[in-house]
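Working through the structure, step by step
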Amino acid sequence: MTVRAVWRQVEARDYGLMLRVHRWLAPRPLQVLMVAATRLGDGWLWWMLGVALLFFGGPHRFVAISAGATAAGLGILIFCGLKHASRRRRPFELVPHCWSTIPPPDRYSFPSGHTITAFAVALSIGPFYPSLMMALVVTAVMIAVSRILLGMHFLTDVLAGSIIGITLGRLSFHIFRFHFFHLL
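Notes on the structure in this doc start here. Residue indices follow the written sequence of each chain, beginning from 1 at its first position. For this predicted model, a pLDDT threshold of at least 70 governs which residues receive local features, and a threshold of 80 or more governs which side-chain atom pairs are given and counted, while totals over whole chains, interfaces and linings are taken from all residues. Side-chain measures here rest on the full set of heavy atoms in the structure, leaving out hydrogens and waters.

**Regarding the overall build of the protein**
The line we're drawing: Secondary structure elements follow DSSP: runs of H or I no shorter than four residues count as helices, runs of E no shorter than two count as strands, and numbering proceeds from the N terminus. Each radius of gyration reported is based on C-alpha atoms, and the globular scaling rule is 2.2 Å times the count of residues to the power 0.38. Buried residues are those whose accessible area, probed at 1.4 Å on protein chains only, stays under 20% of the maximum for their type, while exposed residues exceed 50% and partly exposed ones sit between those limits.
For the protein, the count of helices and strands is 8 helices and 0 strands. Seen in sequence order, the protein has helices and strands lined up from the N terminus as α-α-α-α-α-α-α-α. For 184 residues, the compact-globule formula gives about 16 Å, and the C-alpha radius of gyration of the protein, at 17 Å, lands near that figure. Per-residue burial over the protein gives 45% buried out of 184 residues.

Listed below in structure tokens is the structure:
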């Protein structure tokens, strides 16, 4: 089977899932939760987290903030480049969504920038603050799921974004942790 044939099969499954999601009238509380999760991932949550850590983050706050900012910044560069290269249309452009009308932050779908940033920040800052780790990961997962349920992304966009974000977050944490412990 060729790469092109595999990709066609993946897109067909993506499209089928998208059709089911776009026709599903989610319960109102779930709709509100998904909109809130997406809005959390718009960027301001990560800025507020950085400011909170700056004041209350303890002795390793600068290293943790640097790790998070580096992972998020690299994630933004990567998703901007990949979106421009892929030019994949967003699901709601192919089939109207039955309840979501949130405007997208940019034009293309692949990969999910919200998902990249959420996992990059969660997994670069979370290990510095184990008590926050679960909340950060749950927030990242909710942001990722919201992008699918709101018609912004296909499943593969979010899976790719998760992989990229997790990789950036873990690498950034390890690089900055290594640097931090060698400064002491």
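**Comments concerning the packing of aromatic side chains**
Where we set the bar: Aromatic rings from Phe, Tyr and Trp, with only the six-membered ring used for Trp, were paired whenever their centres fell within 6.5 Å, and each pair was classed as stacked if the ring planes differed by under 30 degrees, edge-to-face if by over 60, and tilted otherwise.
One pass over the structure, following the stated rule, counts 2 aromatic pairs. Taken together, a centroid distance of 6.4 Å and an interplanar angle of 50° make the contact between Phe55 and Phe56 tilted. By the burial criterion, Phe55 is exposed, and Phe56 matches it. Aromatic pair Phe128 and Phe173: ring centres 4.9 Å apart, planes at 75°, arrangement edge-to-face. With Phe128 in the loop between α6 (113-125) and α7 (130-149) and Phe173 in helix α8 (residues 155-183), the pair connects residues that are 45 residues apart, well separated along the chain. On the accessibility criterion, Phe173 (8% relative accessible area) is buried.

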